[in-house]
Structure formats: C-alpha cells, structure tokens
Amino acid sequence: MTAVLATPTAPVTDVRRTRRRPSGKLLAGLGIAAVFFVIAVVGPLLTGDPEALSYDQLQSPSGAHWLGTTNTGQDVLAQLMSATRGSLTIGVLVGVFATAVSLLIGVVGGYLGGWLDESFSLLSNVFLVLPGLPLVILITDYTQTKGIMMIAAIISVTAWAGPARVLRAQTLSLRNRDYVDAARVAGEPGWRIVVFEILPNLAPIVAAQFVFAVLGGVLIEVGLAFLGLAGGASGSWGGMLYYALSASALPRGAWWWFVPPGLFCALLGTGLSLINFAIDERVNPRLRKETAQ
Amino acid sequence: MRFVLRKLGFYAIAAWAAITLNFFIPRLIKGNPVDLFLSRVQATSPPPPEYRRALELQFGVSDDPLWVQYFGYLKNLAHGNFGLSITNYPVPVSTVIAQALPWTLVLVGVSLTITVVLGVGLGALAGWKRGTWIDGLIPSTTFLAAIPYFWLALILLFLLGSTLGWFPLNFGYDVANFTGPEASGAFLGSAIYHGTLPALTIVLSGVAGWMLGMRNMMVSTMAEDYVVMAEAKGLSPRRVMLSYAARNAVLPSVAGFAISLGFVVSGQIATEIVFNYPGIGFALIQAVNSADYPLMQGIFLIISLAVLGANLLVDLVYGVIDPRTRQEARA
C-alpha cells in the first residue's frame, strides 16, 4: 500500500513516458497478427495447389512435404497456407460487418435517443440472448449458403449485439459531456458531432471490439466448417479438421494433418487476445502494472 | 416490482422473437417436410394422394394462410407438441430431445461447475498475489483460451484415447455391453468413464477465461476504498481477500456462470461430435445432416428457451445480490 502513496511524488514526465511506450503485450500481439497476415497473403503463392492430388498418400513430414500429405496425397502445408488465408478473410469480414452494424446501432441510437434508441436497444438485447452457433447452423443450413461473403454475413448476425450495447452505453455518457454540448451550441450538424466529437473517444473500445469480432468470426467459422456446415467451402482451418476427421486421421495417427490447423488457430487467437489485453489496460488504468508499483 | 415486471416483459418479447424466427425461417426458404420425408423413403413411383394427405396431416403441413399456420404452431408449442422427427419417424421430436437432453445436461453441467469453481478460485488468487508466479500464469492461459475447444478434444482423444488407450474413443457409455441406458451401478460407471475425457476438455478449454475475468475484477476491486480501509484496520490478509475483495469481485462471475448455465444445452456441439456423445449437439448435427427440420426446430427452440431462462434468472438474482443494479434500473 505504501507503493500507491509513493506514486504521486514520482516526476510527471516519467509516468507519461511509461504510458506512451507500447506494452510488450501489444508488440507481441501485433507481431503474431502481422505474421499471420503475411502468411495469408504470401503463403499460398509459395506452396502450390492445395487441391492437387498425388500418390504420396498419408505420408508423415519429409523434405518433399514439410507437413506430410493427406489421404488423397494433397500437401498439408499448401492446404494450411490456403486455409490460413480463408480463415483470416472470414475473420476480417466478420470484424468489419459486426463493427459497422454495432456502430450504427449503438452510436446512432445512443446519440439520437428516443424511440429509435429504445427499439435499437431492444433489438440488440434480443440478439444478445439468442444462442449464436445454433442460430448460425440453422441459417446456413436453411439458406444452403455457399461463399465466403454470405458465411461472414451470417456469422456477423450473431456478433454485433454485444459491442452495440457497450457502444450505446459509452455514447450515452459522452453525449452529455461539455465539449459535445459546446459543439451542439456552435451549430455543428449531428453527423459531424458523432463522427468528430464522439467517435474518436470510442476508438479504443471499437478497436478492441473489432479484434474480438475477428477472433470470434474465425472461431465460429472453424466450428461451423469442422461440423461440415460451412457450405462445402474447405478453405479454412475448420475445413481441414473436418476432412482430417472424416478420413479418420485420428485412429491412423496422422497428427501432421490435424495438429497444424488447430495450432495456427490457437496462435492467432493468442495474438489477438494479447492485443485486446493491451487495449484493455490502456482503457482501464487499474489493470496496468505501472500504476501498482 | 416494476424492475421485475420490466424484465419479464423483455424476456417475453425475446422468447416471442425466438419462437417466431423459428417459425418463419423454414417456411420462407425450404420445401415442406412431406417432400423431404418422401424423398427419404422412396424414389420409384409417386405416392398415392391419400398417403401424401395422411403425411401432411401428421407433419402439420397445410395451405392455410400464414397467420392461421402461425397460430396453429403456437398452439402446438403450448401443448409441448414439436411435431414428428423425420429421421426417427414416427417418434415425436419431444421424445428425441428428451433422450438426448440428460446426457448433455449432466456432462456439461458438471464440467462447467468444476470449470467455474477452479477458474474463479485461481483468478482470485492471481489477482490477490499480483506479480507472483501464479499471476505469471495468466498470459499462458490466453493460449489455452484461444484453442478451439473441439481441437483440444481431438488432441486429448488422440493422446489419451488413441495412443495411450486410457479412455474410450466413442459414445456416452459402453455400447457393446449395454443395449441402452439402465439404472445400474455398472452402467453409471461406464457413463462416468466415457464422460471423463469430454469433461476434461471442457474444463481445460474453459478455465482460462474464468480465471482471467476474475483476476481482472479482483485487481479492480482491490483498488476500492473499502479494501484499503479493511487493510488499514489491520484485518488479516485472508479475511481482506475473501470477505472484502473476492466477495465483491465475484459478482460478474456469478452472472456469467448463470448465463453459461443457459448455454449448457448448446455450448458443446462440436465436443459431442468429436466424442460421438449422445447429447443434444449430436442430435442437432444429425438432424442438420439428414434435413430433419422438425427436429432442428425443436432443438433450436429448447436451446433458445434455456438461454432466455438463464438470462432472466441472472437479471432477477443480480438485482438481489447487487443492489446497485436495482438502483440504476429505477433511475
């Protein structure tokens, strides 16, 4: 407890410097995310056709096939590269869709208030309590969805409600700040106040929610594809796992087939969570290590 | 009282939304269950019209206006009538669900409780002893939390089931020795043995999230004045930790636990697939794969209502355990 009392005596510049320096978590998280981004962009170009069949069936890793082959002789490394691209694409699309909708519903509703806010808020509360994965399973199945955009859109249906509620609450508190009142009195139009006065203050929260939505999108799609329900599109980590499991890679001991996709997913998830922690610590100073010393 | 009424009103609307969604999605998009059933049972000659008519009556297909169908559907639901399962024809959907539900409830319910108790306990300790080795565990748990839970199940199944042979690979009980669930000690043992590995994966993949949430709440709570006050009074560290910090920090976890209870029904679909576990998730995927729409609808409805019920419970209980939320609602 003495440490807490001692903090104010430290020079102000020191405190500032520690705050400005990006945390190790943020750097590690961004590093991991960057690596995956590069893999998704460049990887498939280097490894050849993931669908190409060969007579090297179910072989363990070797010089010719770094990650071995599948039961139809496809190169697992090539599949992993293209699956990384597929999973990441879905994740980013879900992130963009969900963030856009949550901004619209949360910020606009929160700022304008009235019956619009009431109905937006009811809508997001209802979606918040509908079970996500089963709903996605039902919709993809009924619509017989194919294609990456539709899958991403359907996953987004279940991903926007939580962020929208948080953004609404934040907007409600920002709406009555003095500088917003000042802008209103100065005659700024409503959209300008939202975009230039309110949005910048929501930026860290929106960033964290975007990262979270990307991760959620990746994980839901992986689950969906693993269950064989992602509309036949095999180009994701979940699709690889689905084919590995249905070709009984497990009893046949083909670990090189089903370990890498899950590991990649976990690594990406770790990276994105680290980014989120870093943002959290910035938004909520109590979680920051520096202030406790 | 107004607080309770408002909440009840909201959940009535949400339940109505789920039910209505469940009614409309298949009707807007798919052909009717009779065609699906006929395409399953025979492909040679077109069925006699009487047969078709009989099936239409059984599956509740009609050419009535949509609103008549809608009220008929509501009436059936009110009587607990979900229709007939196509794959298990002529078994009613409610029977299929009643057979699958206990497996999921017991497996996921028990493992969730273990997960939460373990996670909250470790999280409280990590928050209290910030900066020590146990707090150092936190970053590594993010890796554990980011693993897709069914992939963890695959890995454990491969290592402990396939390679070491410690655990069975499939099913909820020993299907070679038992024809079906029965009330005997041997069956119970078999079910526990088969449930251990699925339960282990659920605990392992879930514990990190609870630990992190509790740890962060603990850290936030420990900066509150009343904790500082308790320390200043010279209370024992154990008492400060448990009765002052943890007691307040645990509130969101209590709410989270109750909400997760609602997701018990639906939360482990992929795990059940990996282990061929005869629960509700397994039934749902089977229904999807065989286009058994009445069963899919029934399961989705059960899942939705479970989640809604749990959320309602949280809202009501939270008003009791944390009076501050009641105040806000009134204001």
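Up top you'll find the structure we're talking about.
All of these numbers come straight from a predicted model, not from anything done at the bench.

(A) The arrangement of the overall build of chain B in detail. Along the backbone of chain B there are 15 helices and zero strands. A separation of at least 24 residues holds for 73% of the contacts in chain B among residues at least 6 apart in sequence. Surface accessibility of chain B: about 16,200 Å² in total, with carbon and sulfur atoms responsible for 66%.

(B) Spotlight on the overall build of chain A. Counting secondary structure elements, chain A contains 13 helices and zero strands. Secondary structure elements of chain A, listed N to C terminal, follow the sequence α-α-α-α-α-α-α-α-α-α-α-α-α. Put simply, chain A has 293 residues, and 47% of those count as buried. Contacts in chain A between residues at least 24 apart in sequence constitute 70% of all its contacts with a sequence separation of at least 6. Of the accessible surface of chain A, which amounts to about 13,800 Å², a share of 67% is contributed by carbon and sulfur atoms.

(C) How the structure looks around helix α10 (residues 190-226) of chain A. Look at α10(A): only 46 Å from first C-alpha to last across 37 residues, short of the 54 Å you get at 1.5 Å a residue. Of all the bends in α10(A), the largest measures some 55° and sits at A:L199, one to four residues before the proline A:P200.

(D) Structural detail: the pattern of salt bridges. All names here are of chain A. Going through the model one piece at a time under the given rule, you end up with three salt bridges over all chains. In this structure, the salt-bridge partner of R184 is D181, at a minimum N-O distance of 3.1 Å. With R184 and D181 both in helix α9 (residues 178-185) and three residues apart, the pair spans about one turn of that helix. Of the charged contacts, one joins E188 and R192 as a salt bridge, the two residues approaching to 3.4 Å between their closest N and O atoms.

(E) Spotlight on a nonpolar patch on the surface. Residues and elements named next belong to chain A. A surface patch of nonpolar side chains, about 610 Å² in accessible area, is lined by F37, V38, V41, V42, L45 and L46. One can find L46 in helix α3 (residues 24-47). L46 gets classed as exposed once you look at its relative accessible area, which sits at 69%.

(F) Summary view of the nonpolar core. Counting 129 residues, the largest nonpolar core has A:I137, A:L227, A:W237, A:W257 and B:M218 as the members making the most contacts within it. Element by element, the count of residues in this core is highest for helix α5 (residues 93-128) of chain B, at twelve residues. A domain split of this core shows at least three residues from each of domain 1 (2-78) and domain 2 (100-330) of chain B. Apart from the residues lying within four places of it in its own chain, the contact partners of A:I137 are A:L224, A:L227, A:L229, B:I269, B:L284, B:I285 and B:V288. If you look at the next biggest cluster of nonpolar residues, it comprises twelve residues, including A:V180, A:I193, A:I198 and A:L202.

(G) A look at helix α6 (residues 132-143) of chain A. Residue and element names in this part refer to chain A. If you check α6, its first and last C-alpha atoms are 16 Å apart, about what twelve residues at 1.5 Å a residue would give, namely 16 Å. Burial analysis of α6 places eleven of its twelve residues in the buried class, which makes it a mostly covered element. Within the sequence span of α6, burial applies to G132, L133, P134, L135, V136, I137, L138, I139, T140, D141 and Y142.

(H) Structural context of the packing of helix α13 (residues 280-289) of chain B against helix α14 (residues 293-321) of chain B. Residues and elements named next belong to chain B. The N-to-C vectors of α13 and α14 enclose an angle of 145°; their axes lie 8 Å apart at closest approach. Crossing hand, α13 versus α14: left-handed. Side by side, α13 and α14 meet where I280, A283, L284, A287 and V288 of the first sit next to L295, M296 and I299 of the second. Residue composition of the contact of α13 with α14, by class: eight nonpolar, no polar and no charged.

(I) Up close: the packing of aromatic side chains. Summed over all chains, the structure comprises 13 aromatic pairs over all chains. Ring geometry for B:Y70 versus B:F71: centroids 5.8 Å apart, planes at 65°, classification edge-to-face. Ring pairs connect the aromatic residues B:F23, B:Y70, B:F71 and B:Y73, which therefore count as one cluster. One residue, A:R192, lies across the ring of A:F196, its end atom 4.7 Å from the ring centre.

(J) Representation of the interface of chain A and chain B within the structure. In this assembly, 45 residues from chain A lie in contact with 53 residues from chain B. Summed over both sides, the interface between chain A and chain B buries roughly 4,300 Å², with carbon and sulfur atoms accounting for 79% of that surface. One can count zero salt bridges joining chain A with chain B. For the pair chain A and chain B, the interface holds one residue pair in polar contact (both at pLDDT 80 or more). Those elements that provide at least two residues to the side of chain A that touches chain B are α5 (114-129), α6, α10, α11 (237-246) and α12 (255-283) of chain A. With twelve residues, α12(A) is the largest single contributor of residues to the side of chain A that touches chain B. Partitioned by chemical class, the residues of the side of chain A that touches chain B number 32 nonpolar, ten polar and three charged.

(K) Geometry of the side chain of A:S87. Residues and elements named next belong to chain A. Tracing the chain through its elements places S87 in helix α4 (residues 76-112). The buried category is assigned to S87, whose relative accessible area is 1%. Of the polar contacts made by the side chain of S87, one reaches the backbone nitrogen of W237; its length is 3.1 Å. In this view, S87 contacts V218, E221, V222, G235, S236 and W237; residues no more than four positions away in its chain are not counted.

(L) Focus on the environment of A:V108. Position of A:V108 among the secondary structure elements: in helix α4. When near neighbours in sequence (up to four residues on either side) are disregarded, A:V108 contacts A:L103 and A:L116.

(M) Fine view of the packing of α12(A) against helix α7 (residues 149-163) of chain B. α7(B) packs onto α12(A) with a crossing angle of 145° between their chain directions and a minimal axis gap of 10 Å. At the point where α12(A) passes α7(B), the crossing takes the left-handed sense. Two secondary-structure elements touch here, α12(A) through A:W255, A:F258, A:V259, A:G262 and A:L263 and α7(B) through B:W151, B:I155 and B:F158. In the contact of α12(A) with α7(B), the residues fall into seven nonpolar, one polar and no charged.

(N) Quick peek at unusual backbone geometry. Located in the positive-phi region is B:N276, a residue other than glycine, with phi close to 50°. By relative accessible area, B:N276 is classed as partly exposed at 25%.

Definitions and cut-offs
- Residues numbered from 1 in each chain as written.
- Chains lettered and ligands numbered in written order.
- Predicted model: local features only at pLDDT ≥ 70, side-chain atom pairs only at ≥ 80, totals over all residues.
- Heavy atoms only, no water.
- Helix = DSSP H or I, 4+ residues; strand = E, 2+ residues; numbered from the N terminus.
- Contact = heavy atoms within 4.5 Å.
- Areas by Shrake-Rupley, 256 points an atom, 1.4 Å probe, with all protein chains shown as cover.
- Buried < 20%, exposed > 50% of the residue type's maximum accessible area, 1.4 Å probe, protein only.
- Expected span 1.5 Å × (residues − 1).
- Bend = angle between axes of the 7 residues up to and from the residue.
- Salt bridge = Lys/Arg side-chain N within 4 Å of Asp/Glu carboxyl O.
- Patch = residues over 30% accessible without salt bridge, like charges linked within 9 Å, V, L, I, M, F, W, Y side chains within 5 Å.
- Core = buried A, V, L, I, M, F, W, Y, C linked by side-chain atoms within 4.5 Å.
- Domains from an automatic or database assignment.
- Axes fitted to C-alpha atoms, helices over the stretch in contact; angles between N-to-C directions.
- Left-handed = near helix turned anticlockwise from the far one by under 90°.
- Nonpolar A, V, L, I, M, F, W, Y, C, P; charged D, E, K, R; others polar.
- Phe/Tyr/Trp six-rings, centres within 6.5 Å; stacked < 30°, edge-to-face > 60°.
- Lys NZ or Arg CZ within 6 Å of the ring centre and 35° of its normal.
- Buried area = accessible area lost by both parts, 1.4 Å probe.
- Polar contact = N/O pair within 3.5 Å; in protein donor to acceptor, adjacent residues only side chain to side chain.

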